[in-house]
Amino acid sequence: MKYGVYYAYWENEWATSFEKYIQKVKKLGFDVLEVAALGLVNLSNEQLKHLNYLAKEQQISLTAGIGIPQEYDISSPNKETREKGLQFMKNILNKLEIAGIDRIGGTVYSYWPVDYSQPFDKEEVRKYSIASVKELADYAKQKGITLLIETLNRFEQFLINDVEEALVFVREVDKENVQIMLDTFHMNIEEDSIPDAIRKAGEHLGHLHIGEGNRKVPGQGNLNWQEIGDALKDIHYDGFIVMEPFVKMGGQVGKDIKVWRDLSKNASEAQLDQEIKQSLTFVKSMFTR
């Protein structure tokens with residue numbers, strides 16, 4: 001398995017310079033740096049190539065995550081919005097290819113965060129989402145990119161809330177480069193059992209995000225990491241495991257993730273580094289025993 005971390009552990013904005021985090025995560029002992037796809041949109045091809053070069057130089061794999069903005073919702077009943085969204089996502093995939101990123105996860109099938117003040121028809125939205133993901137998957141395959149369908153809790157999205165819905169969705173899309181992405185934070189809200197959900201995903205599990213139910217680093221909450229590790233062994237999972245803690249207030253990240261109190265306890269960057277390094281050691285001990 002390869003272990004990674006999402007850059008936003010240290011940041012408040014989705015768009016930032018990701019280059020500085022490549023060497024940081026390498027020094028902390030990680031194999032993977034996950035970046036925000038929206039932060040790549042305005043980068044030039046030369047900047048993307050340089051990001052790719054730095055990652056290869058440090059032997060760090062880059063992955064990407066996204067919550068599609070509402071104006072680009074590929075599951076929208078509005079045809080114009082869907083078409084605009086598909087073009088937007090294809091442009092993202094072009095950027096990923098140049099940056100050497102071979103997978104993108106998150107809400108790649110709809111928009112995020114959902115505006116629940118507006119009515120929605122889940123079955124209608126699902127129909128359009130599946131059609132759009134099929135088209136995107138074909139485009140992504142040409143670039144060697146996998147689409148990772150993330151299950152999200154009910155407060156952030158309505159379309160795919162648990163592994164059962166994800167399995168039905170992925171099987172209906174029926175593309176080899178479309179897999180399931182699970183996240184222990186979301187599973188802690190929606191699943192009866194996190195280990196059982198992992199086992200149920202089985203061979204369809206393509207990516208795993210980990211973090212406590214309070215969104216702190218693994219080991220600073222009450223999730224049973226040994227049981228989670230046992231479930232991963234049971235399905236012979238050998239993919240990426242990416243920590244996605246959110247502990248800092250402020251900025252667009254804090255607003256979108258709803259961090260209304262300082263979970264870091266005003267930690268300095270050095271303290272954040274030390275805590276996640278300790279968490280990495282802890283997780284490896286749970287997942288490799």
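The written sequence of each chain sets the order in which its residues are numbered from 1. Given that the model is predicted, a residue must reach a pLDDT of at least 70 before its local features are reported, and side-chain atom pairs must reach 80 or more before they are shown or counted; all residues, however, enter totals for whole chains, interfaces and linings. To obtain the side-chain values, all non-hydrogen atoms of the structure were included, while hydrogens and water were left out.

Visitor: When you look at the pairing of strand β5 (residues 146-150) in this model, what are you seeing that I'm missing?
Guide: Where a strand is regular, its side chains alternate between the two sheet faces. Exposure is judged per residue with a 1.4 Å probe applied to protein chains only, and the accessible area is read against the type maximum: over 50% gives exposed, under 20% gives buried, and values in between give partly exposed. Strands are runs of DSSP state E lasting at least two residues, helices are runs of H or I lasting at least four, and both sets are numbered from the N terminus onward. Of all five residues in β5, five are buried, a share of seventy percent or more. Alternating residues of β5 divide into T146, L148 and E150 and L147 and I149, and every residue in both groups is buried. One ladder, built from four bridges, connects strand β4 (residues 103-107) with β5; its direction is parallel. Its bridge partner lying in β5, R103 is registered against T146. Handedness of a crossover: with both strands directed away from the viewer, a clockwise path from the first strand across the helix to the second marks it as right-handed. Read from β4 through helix α4 (residues 122-141) to β5, the crossover connection turns out right-handed. Criterion used throughout: strands pair if DSSP finds at least two bridges between them. Judged from the four bridges that link them, β5 and strand β6 (residues 178-183) form a sheet pairing that is parallel. Counterpart to I149 in the pairing with β6 is I180. A crossover links β5 with its parallel partner β6, the connecting element being helix α5 (residues 163-173), and its sense is right-handed.

Visitor: Looking at this structure, how should I read unusual backbone geometry?
Guide: Peptide bonds are, in most cases, trans, and in most cases residues other than glycine have a negative phi. Looking along the chain, the bond that leaves W112 and enters P113 is cis, with omega of -10 degrees. Inspection of the secondary structure assignment puts P113 in the loop between β4 and α4. The residue R215 is not glycine, and still its phi comes out positive at about 70 degrees. Inspection of the secondary structure puts R215 in the loop between β7 (205-210) and α8 (225-234).

Visitor: How do you make sense of the nonpolar core when you look at a structure like this?
Guide: Nonpolar core, defined: a set of buried Ala, Val, Leu, Ile, Met, Phe, Trp, Tyr and Cys residues in which side-chain atoms within 4.5 Å join the residues together. Among the nonpolar cores identified, the biggest contains 97 residues, and I104 and I198 are the most heavily contacted of them. Here this core gets seven residues from one element, more than from any other, and that element is helix α3 (residues 79-99). Not counting residues up to four positions away in its chain, the partners in contact with I104 are A37, A64, I66, M89, I92, L93, L96, I145, T146, L147 and L148. Contacts are assigned to residue pairs with any non-hydrogen atoms lying within 4.5 Å of each other.

Visitor: Before we go on, may I ask you to explain the environment of A166 in this structure?
Guide: By the element assignment, A166 lies in helix α5. Given a relative accessible area of 0%, A166 falls into the buried group. As for A166 and G219, which are separated by 53 residues in sequence, their C-alpha atoms are 27 Å apart. Residue contacts for A166: discarding those within four places in its chain leaves T151, I160 and I180.

Visitor: Hey, could you run me through the environment of E13 in this one?
Guide: For E13, the position within the fold is in the loop between β1 (2-6) and α1 (19-28). A relative accessible area of 36% places E13 in the partly exposed class. Taking the C-alpha atoms as reference points, E13 and G39, 26 residues apart in sequence, are found 8.9 Å from one another. For E13, the side chain forms a polar contact with the main-chain nitrogen of Q252, separated by 3.4 Å. Identification of polar contacts relies on pairs of N or O atoms within 3.5 Å, with a donor-acceptor requirement for protein atoms, meaning one able to donate a hydrogen and the other able to accept it, and with residues adjacent in sequence counted only if both atoms are side-chain atoms.

In short, shape yes, function no, at least from these values alone.
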